[in-house]
Amino acid sequence: MSFTTRGTAPAFRPRLALRRLFSSTFLLGCFIAICVGVVLLGALVIEVVVDGGSVPFAPPSAASLPDGMGWLAWAFPIAVLTPFLLPRLAHRRSELAPPAFAALCVLSALPAAIFGHLIYVGFEDAYYVKTGGHIFDLLSEATAWQTFRIVLVGLLLPGGLLAVAWRGARRLRSPSLVWPAVILAAWGFYLFLEPGFLSSPPSQSPDRIGIFPALVGTLYMMTITAAAAFPLGIGAAIYLEEYARRNWFSRFIQVNIANLAGVPSIVYGLLGLQLFVRVLEFDRSVLAGALTMALLVMPIIIVSAQESLRAVPPSMREAAYAVGATRWQVIRHHVLPYAFGGMLTGNILAMSRAIGETAPLIAMGALTFIAFLPDTPTDDFTVLPIQIFNWVTRPQSAFHEVAASTILILLLILLLMNSAAIIMRHRSRTEW
Amino acid sequence: MAAQAPQPRDTLSGLLAELWRDKLQPSRSGAGRETLSGRFIHGALFLIATLSAFVTVGIVLVLIFETIEFFRIIPFGDFFGSTEWSALFAEGQFGVWALVWGTVLIAVMALAVAVPLGLLAAIFLSEYAAPRLRAVLKPLLEILAGVPTVVYGYFALLTVSPIIRSIFGEDVGIYNALAAGVVLGIMIIPMVSSLSEDALNAVPRSLREGSYALGATRFETAVRVVLPAAFSGVVASIILAASRAVGETMIVTIAAGGNPQFLVDPLEAVQTMTAMIVQLSLGDTPTTSVEFKVLFAVAMTLFVMTLAMNVFAQWVVRRFREEYE
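Residues numbered from 1 in each chain as written. Chains lettered and ligands numbered in written order. Predicted model: local features only at pLDDT ≥ 70, side-chain atom pairs only at ≥ 80, totals over all residues. Heavy atoms only, no water.

What is the right way to read the packing of aromatic side chains from this model?
Two measures describe an aromatic ring pair: the distance that separates the ring centres and the angle between the ring planes. Scanning all chains against the criterion turns up eight aromatic pairs over all chains. Ring geometry for Tyr239(A) and Phe46(B): centres 5.4 Å apart, planes at 70 degrees, overall edge-to-face. Taken as a pair, Tyr239(A) in helix α9 (residues 212-243) and Phe46(B) in helix α2 (residues 36-73) lie in two separate chains rather than in one. Judged by its relative accessible area of 8%, Tyr239(A) falls in the buried class. Pairwise contacts between aromatic rings join Tyr239(A), Tyr243(A), Trp248(A), Phe249(A) and Phe46(B) into one cluster. (Phe/Tyr/Trp six-rings, centres within 6.5 Å; stacked < 30°, edge-to-face > 60°. Helix = DSSP H or I, 4+ residues; strand = E, 2+ residues; numbered from the N terminus. Buried < 20%, exposed > 50% of the residue type's maximum accessible area, 1.4 Å probe, protein only.)

Rendered as structure tokens:
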């Protein structure tokens, strides 16, 4: 489909240029990321922004930056990100000499900062549009320009993060876009929050509420869950793949694991209630919750670890046996190093399942008012999803806003974990 | 004479190794010799692998134990022979069918959303999308499955439910089965699409090429050749998605209301088995009460239902798989 005649200089053809631009892989990724971003997070962010009439949410200038410096909130991340984007759009980065590249970065950062300031102003306008609180009301009552800027702000963060996922899916090796996107996302989320939201205890009044104990409880529980579930899950996978004979017993264990993965999570909660809370008398502690979660995610870890062990070619093992290695030496020095990346990915995905699970903890009776931090593994605790559930089920809309911003924090953690898993998977992938 | 290494039998460890030799033979021909520490590792890994069996046993024992206690107080017939549920009242009724009905109603609504969308997505990804587009779209679809269910609950109650009320009028309650069912359906789309897509992809290329050679269009090939060939995998994915919908807790707890009734109207509030377990867990029920024990009887019903669906899905895959070379 080429119209170029050999020997003549290629003329500028706008349609071809446009097609090239849109077929440029990055634009495609951005477009899809933005579409999904609209569905997943856009509505949520706008809801936080628009309903944020009460105190927990304020425009960036009032929240975390000194007066008069609020424009930095948006100019900074865009200035960080743009130098990474523009050369990519031009497909020229590798061809440019370093000084030229640096100059291009500075030049592209300037308009980006101005652009960021404009967005920020629009954001502030939107904040003062009091519409009675529904997203559709906002879209009908705000001006088109306001709506455009609100949507733009709402898309910045999910777009950036999903671009990370997209790069992972494209198996690109250089993750240079990843860290700017992560900085951008963290910065944006930080600015959405009232100071103290991350560092205060929960309260009965929504304007002084914080999620610090839930945040600490989540991290605490995840640490113990990981410490319990990783060795057990990986050990079981090694046994099944490397040691077990193909007999009725290993088949039984396999079928059993497949069925365990299908057991509803709330049933695990009842198991935890009886086994850990009552029989072993851990009470409703971090330990009991974490061990229940460990049992819940173990099937996921086993299956993914088995897959990565299976991906190591038999010739690798045979070569090691041929030079006299024992079986454990073969596993330890040859199989595990190659399967490690895949195992880690599976573990992270399993943890991201555990971090969002609510039902088992509620079945264990962990839904209580906790305003302090867990010190030891036997202390009471609370986690982010439980706080979200608690606030969603209250009738006052002020608590719904608190729930929305807690969801944003939870989704941020999840997206970071998933991005890390995807990047790790594609970095460790080796073709045999 | 130079000191010889002791014979294996002379030491305790050697004796143990001798005892275990038969049991711990290398499983594959050509596998290396095992030292004592290697055997120890082998044994430890074996114990870890059997742990999963103990988890299953633990679940079954925990459920059965309290369920038997429950049936000592409430006769079997009252549990399975009635559709009245009022566990929290004095002289409460324990007809589990009201809860099973709520669960099935919401699962059916979820499937009505997820099966068409998920199948279309799977057919598109497998038959139409370019590899590059697929590499992007598939992970994005799977993100839907990674979002915590409590977040879906938030959307069901505060976004979807108001939309439903604006369509069907204000006399529809905030808590209704439709909102929960629709959002639950969105949640299980990736289960249907991802597993079905794997099944469609496993259909060999020669079948498609044969179909094209006979003059079939791409759509005809996808729907009449590839889909029937992958039938077992597609059905299994739908069953697994249904089992996930039956066991899902937070969306229905938050958005479906707490009204255990035998209703057909999807705009009414219903209560599922999982939501009932949460409701009873939230209250401080003493562990000796009937209300505490009925929790396990309901969980047992739920466990048996999901287990049956999972086993059925595995059976479908085994029984109806079309083998191609």
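So what exactly am I meant to see when it comes to the interface of chain B and chain A here?
By a widely used convention, the size of an interface equals the accessible area lost when the partners come together. Each partner contributes residues to the interface: chain B has 73 residues there, and chain A has 71 residues. At the junction of chain B and chain A, the tally comes to one salt bridge. A salt bridge links Glu66(B) to Arg278(A); the nearest nitrogen and oxygen atoms lie 3.8 Å apart. Along the contact surface separating chain B from chain A lie four residue pairs in polar contact (both at pLDDT 80 or more). For the side of chain B that touches chain A, the secondary-structure elements that each account for two or more residues are α2, α5 (131-146), α6 (149-168), α10 (231-247), α11 (250-255), α12 (273-282) and α13 (290-320) of chain B. (Contact = heavy atoms within 4.5 Å. Salt bridge = Lys/Arg side-chain N within 4 Å of Asp/Glu carboxyl O. Polar contact = N/O pair within 3.5 Å; in protein donor to acceptor, adjacent residues only side chain to side chain.)

How should α2(B) be read in this particular structure?
For an α-helix the count is 3.6 residues per turn, leaving residues at separations of three or four pointing the same way. Given a rise of 1.5 Å per residue, 38 residues ought to cover 56 Å, and the 55 Å separating the end C-alpha atoms of α2(B) matches this to within 8%. The largest bend in α2(B) comes to about 30 degrees, at Ser52(B). (Expected span 1.5 Å × (residues − 1). Bend = angle between axes of the 7 residues up to and from the residue.)

Mind showing me how you'd approach the confidence of the model for chain B here?
As a general rule, the predicted coordinates of low-pLDDT regions are not to be interpreted in detail. Residues and elements named next belong to chain B. With 87% of its residues at a pLDDT of at least 70, chain B reaches an overall mean of 81. Mean pLDDT values for the elements of chain B range from 51 in helix α1 (residues 12-21) up to 92 in helix α8 (residues 205-213). Contacts for the low-pLDDT stretch residues 1-10, under 50 throughout, to residues beyond four places or in other chains number five contacts. Ignoring residues within four places in sequence, the model shows residues 22-32, a span with pLDDT below 50, making 23 contacts including any to other chains. (pLDDT = per-residue confidence, 0-100.)

What is the right way to read the environment of Ser285(A) from this model?
Note on placement: Ser285(A) falls in the loop between α11 (265-279) and α12 (286-310). Distance from Ser285(A) to Gly365(A), taken between C-alpha atoms, is 10.0 Å for residues 80 residues apart in sequence.

When you look at the nonpolar core in this model, what are you seeing that I'm missing?
Core analysis: the biggest nonpolar cluster contains 164 residues, and Ile59(B) and Val298(B) have the highest contact counts within it. In terms of residue count, the dominant contributor to this core is α9(A) (15 residues). Not counting residues within four places of it along the chain, the set of residues in contact with Val298(B) comprises Phe79(B), Trp85(B), Val96(B), Leu99(B), Met273(B), Met276(B) and Ile277(B). (Core = buried A, V, L, I, M, F, W, Y, C linked by side-chain atoms within 4.5 Å.)

Even after reading the chapter, I still don't get helix α16 (residues 384-392) of chain A, so can you show me in this structure?
α16(A) sits mainly inside the fold: nine of its nine residues count as buried. All buried positions along α16(A) are accounted for by Leu384(A), Pro385(A), Ile386(A), Gln387(A), Ile388(A), Phe389(A), Asn390(A), Trp391(A) and Val392(A).

Could you clarify how one ought to interpret a nonpolar patch on the surface in this entry?
A surface patch of nonpolar side chains, about 420 Å² in accessible area, is lined by Phe76(B), Phe80(B), Trp97(B) and Phe262(B). Checked against the element boundaries, Trp97(B) lands in helix α4 (residues 97-128). (Patch = residues over 30% accessible without salt bridge, like charges linked within 9 Å, V, L, I, M, F, W, Y side chains within 5 Å. Areas by Shrake-Rupley, 256 points an atom, 1.4 Å probe, with all protein chains shown as cover.)

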